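Given next are the chains, with one letter for each unit.
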Amino acid sequence: MPEKSAFHEIYLRAAGAVAFVAIVDAKGDEGIGSAFHVGGGIFVTARHVIDRVTIKEIATTKSAHLAKEAGGKAAPPRRLAIVDGPYFGPDGLDVAVFRVDLGGTPLPAITVSQHTDYSLGENDLVLSDILVIGYPPIPFTTVPSQVVTLGQINAVVRVRHSPVLHFIASATARGGFSGGVALDQSGVALALVTESLGQGEKPVETGYMSLLSIEPAVDLAAEKFGFSTHGGYPGRFSDTLFAVKFSDPAVRSLSSFIYDASLYVYDDDRDVFVEINCVDEALLAEAVATFDAITPLTRHDAVDGSVLYTPKKNPSAELLLEAGEAVASLFERAGYKRMALERSQWQLKPKR
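Calculation rules
Residues numbered from 1 in each chain as written. Predicted model: local features only at pLDDT ≥ 70, side-chain atom pairs only at ≥ 80, totals over all residues. Heavy atoms only, no water. 1 Å grid on protein atoms, 1.4 Å probe; cavity = no way out; pocket = protein on both sides within 12 Å on 5 of 7 lines; lining within 4 Å. Points joined across faces, edges and corners; volume = space filled by probe spheres on them. Helix = DSSP H or I, 4+ residues; strand = E, 2+ residues; numbered from the N terminus. Nonpolar A, V, L, I, M, F, W, Y, C, P; charged D, E, K, R; others polar. Core = buried A, V, L, I, M, F, W, Y, C linked by side-chain atoms within 4.5 Å. Buried < 20%, exposed > 50% of the residue type's maximum accessible area, 1.4 Å probe, protein only. Contact = heavy atoms within 4.5 Å. Pairing = 2+ DSSP bridges. Phe/Tyr/Trp six-rings, centres within 6.5 Å; stacked < 30°, edge-to-face > 60°. Axes fitted to C-alpha atoms, helices over the stretch in contact; angles between N-to-C directions. Parallel < 35°, antiparallel > 145°, perpendicular 65-115°, else oblique. Left-handed = near helix turned anticlockwise from the far one by under 90°. Salt bridge = Lys/Arg side-chain N within 4 Å of Asp/Glu carboxyl O.

*Asks:* So what about the layout of surface pockets? Which residues, and what values?
*Replies:* Taken as a whole, the largest pocket encloses approximately 650 Å³ of empty space. What lines the largest pocket is a set of 25 residues, among which Glu-215, Pro-216, Asp-219, Leu-341 and Arg-343 lie closest to the centre. Elements with a contribution of two residues or more to the lining of the largest pocket: helix H3 (215-225) and strand S21 (337-343). Residue composition of the lining of the largest pocket, grouped by class: 12 nonpolar, 4 polar and 9 charged.

And the structure:
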C-alpha cells in the first residue's frame, strides 16, 4: 500500500468534528458551507455561511473517533440541531459561533491555537503545512461529501476589510469550504476558511484560499458561551493581561508588521511589569505619565536598552487594565491605528 500522509492520523481524529451546513438564501437558492466543533457543543463557522439565510440542516458525514475517556469507539454521523445562536462577530469579521445539543453522545473537539495577532511576527507560520477540511459542493453526489486537502501557508497578511490577520494558503478555494478548519501538523486549528481572493470576474479557482486567524473565533465563543482553551476561565490562558500594537498611518510603512507604538502589561498574579514603546518621544512620555497617573510606576533600564516599569503599589488587574486602556486611547487620539490586541480574562476574576 502507498505511504499515507503524515496528516492522515490527524484527519481521522478531526473528520467527525467537521459538519456541513445546508442553507437556502433569500432567493430560494440552496447552498452549503462548513462548521467545526471546538468543544461543549460549540461550533465555529464563517459568518457569510449562515448570515441572512435559512439553515436547512447541519450534520456530520464521517464517523467520530472518540477518545478513550468517551469509550474509545467510533460513533456514526449525526444530524445536529442549534440550541443557542448563531452569534456573529463584529462587522469586518467573517466568523460566527453556535451551540448544538449533543445529547448523551459526545463529539470529538478540535483543539484551537492560542496564538494572537499580537504574538505573531511577519514570518511566523509562513511555509507551514496545513490540512483543510470542508464541504465544497461536488456535482452528482447523492449526499454532501467531506473533502480534505493539503496546503501551505504562503503569507500572513492584513486585508482592508478585516481587523484581524489572514493567512494566504496554496489550497484551491471553493465555495463550500467556507467555515471549514485549517489544522497544523499537530492537529490544532490555526484558522477557518473565509473567502477566495479572486479579482473581478475571474474564476475563484485562480485565487488563493484566504484563512481567518482563529483568534476572533476563540474570543467570540468565550464571550457567548464561556468557551475556554484550558478548561478554566473563558478564553485563552495567558499571563498577558493587556497588550496592543499601533501603527501611524502617516508614516506609510511598506510593512503592516512595523509598529510605531506598543503597550504590554504582564500579570501572572505574582509579578507585574509594563512595557510602553513609541517612536514619538513626546507621545511616549505622555503615555507613561497617563499610566502613572492611574497607578504609579517605577522605571527600570535594562542592559539591552529597553525600559520596563513596575507598579509602586500592588494594583488590581482591573486598575492595570484601566491604565492600559487609557494609554491605548491616548495613542488612538494621536492618530495611531490599533493593529493587534491581546488580553486575558483570568486575572480579572475574584481571587480565592
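*Asks:* Could you give me a rundown of the nonpolar core, with the residues and numbers involved?
*Replies:* With 52 residues, the main nonpolar core has Phe-36, Ile-110, Leu-183 and Leu-192 as its most contacted residues. With 6 residues, strand S1 (residues 18-24) is the single largest residue contributor to this core. Contact partners of Leu-183, with chain neighbours within four places excluded, come to Phe-7, Ile-10, Ala-14, Ile-110, Asp-129, Ile-130, Leu-131, Ile-133, Val-188 and Ala-189.

*Asks:* Give a detailed account of the sheet that holds strand S8 (residues 82-88), specifying residues and quantitative values.
*Replies:* Read from one edge of the open sheet, 7 strands run S7-S4-S1-S2-S3-S9-S8, paired in antiparallel fashion. The open sheet has two edge strands with one neighbour each: strand S7 (79-80) and S8. In the sheet, strand S2 (residues 30-39) pairs with strand S3 (residues 42-45) via 4 bridges, with the strands oriented antiparallel. Paired with Phe-36 across the strands is Val-44, a residue of S3.

*Asks:* Any chance you could break down H3 for me, citing the residues and the numbers?
*Replies:* Most of H3 sits out of view: 8 of its 11 residues are buried. When H3 is considered as a whole, its buried residues turn out to be Glu-215, Pro-216, Ala-217, Val-218, Leu-220, Ala-221, Ala-222 and Phe-225. A positive phi of about 70 degrees marks Gly-226, the residue just after H3.

*Asks:* Any chance you could break down the packing of aromatic side chains for me, citing the residues and the numbers?
*Replies:* Applying the stated rule across the entire model yields 8 aromatic pairs. With centroids separated by 5.6 Å and ring planes inclined at 5 degrees, the aromatic side chains of Phe-43 and Phe-98 adopt a geometry described as stacked. In this pair, Phe-43 sits in strand S3 while Phe-98 sits in strand S9 (residues 96-100), placing the two residues 55 residues apart along the sequence. Neither Phe-43 nor Phe-98 differs from the other in exposure class; each is buried. Aromatic side chains Tyr-118 and Tyr-264 sit 6.1 Å apart centroid to centroid with 20 degrees between the ring planes, which places their arrangement in the stacked category. Of this pair, Tyr-118 sits in the loop between S9 and strand S10 (129-134) while Tyr-264 is found in strand S17 (residues 261-267), placing the two residues 146 residues apart along the sequence. Residue classification places Tyr-264 among the buried positions, given a relative accessible area of 18%.

*Asks:* Give me the lowdown on the environment of Ala-26, citing residues and values where you can.
*Replies:* Here Ala-26 shows up in the loop between S1 and S2. Residue Ala-26 is classed as exposed on the basis of its relative accessible area of 81%. In sequence terms Ala-26 and Gly-89 are 63 residues apart; their C-alpha atoms lie 22 Å from each other.

*Asks:* Quick rundown of the packing of helix H4 (residues 281-294) against helix H5 (residues 317-333)? Include the residues and the values.
*Replies:* Two elements in contact, H4 and H5, have axes separated by 9 Å at closest approach and are oriented at 155 degrees. Judged by the angle between their axes, H4 and H5 are roughly antiparallel. Between H4 and H5 the crossing geometry is right-handed. Taking contact as the criterion, the partners of Leu-283, Glu-286, Ala-287, Thr-290, Phe-291 and Ile-294 in H4 are, on H5, Leu-319, Leu-320, Glu-322, Ala-323, Gly-324, Ala-326, Val-327, Leu-330 and Phe-331. Partitioned by chemical class, the residues of the contact of H4 with H5 number 11 nonpolar, 2 polar and 2 charged.

*Asks:* Please provide a residue-by-residue account of the pattern of salt bridges, values included.
*Replies:* Tallied over the full model, the rule gives 10 salt bridges. In this structure, the salt-bridge partner of Arg-79 is Glu-57, at a minimum N-O distance of 2.5 Å. Here Arg-79, found in strand S7, pairs with Glu-57, found in strand S4 (residues 54-60); they are 22 residues apart in sequence, far enough to count as distant. By relative accessible area, which is 26% here, Glu-57 ends up partly exposed. Glu-325 serves as the salt-bridge partner of Arg-343, at 2.6 Å between the closest nitrogen and oxygen. On the criterion of sequence distance, the pair formed by Arg-343 in strand S21 and Glu-325 in helix H5 is long-range, its members being 18 residues apart.

*Asks:* Could you give an account of the side chain of Thr-116, with specific residues and numbers?
*Replies:* You can see Thr-116 is positioned in the loop between S9 and S10. Setting aside residues no more than four positions away along its own chain, Thr-116 makes contact with Glu-215, Arg-236, Leu-341 and Glu-342.

*Asks:* Tell me about the pairing of S1, and please be specific about residues and values.
*Replies:* Within a regular beta strand, the side chains point alternately toward one face of the sheet and then the other, so they alternate between its two faces. Burial runs high along S1: 7 of the 7 residues are buried. Here S1 shows no split at all, with Val-18, Phe-20, Ala-22 and Val-24 on one side and Ala-19, Val-21 and Ile-23 on the other all buried. Strand direction decides the pairing type here: S1 and S2, joined by 7 bridges, are antiparallel. Looking at the pairing, Ala-22 lines up with Ile-32 of S2.

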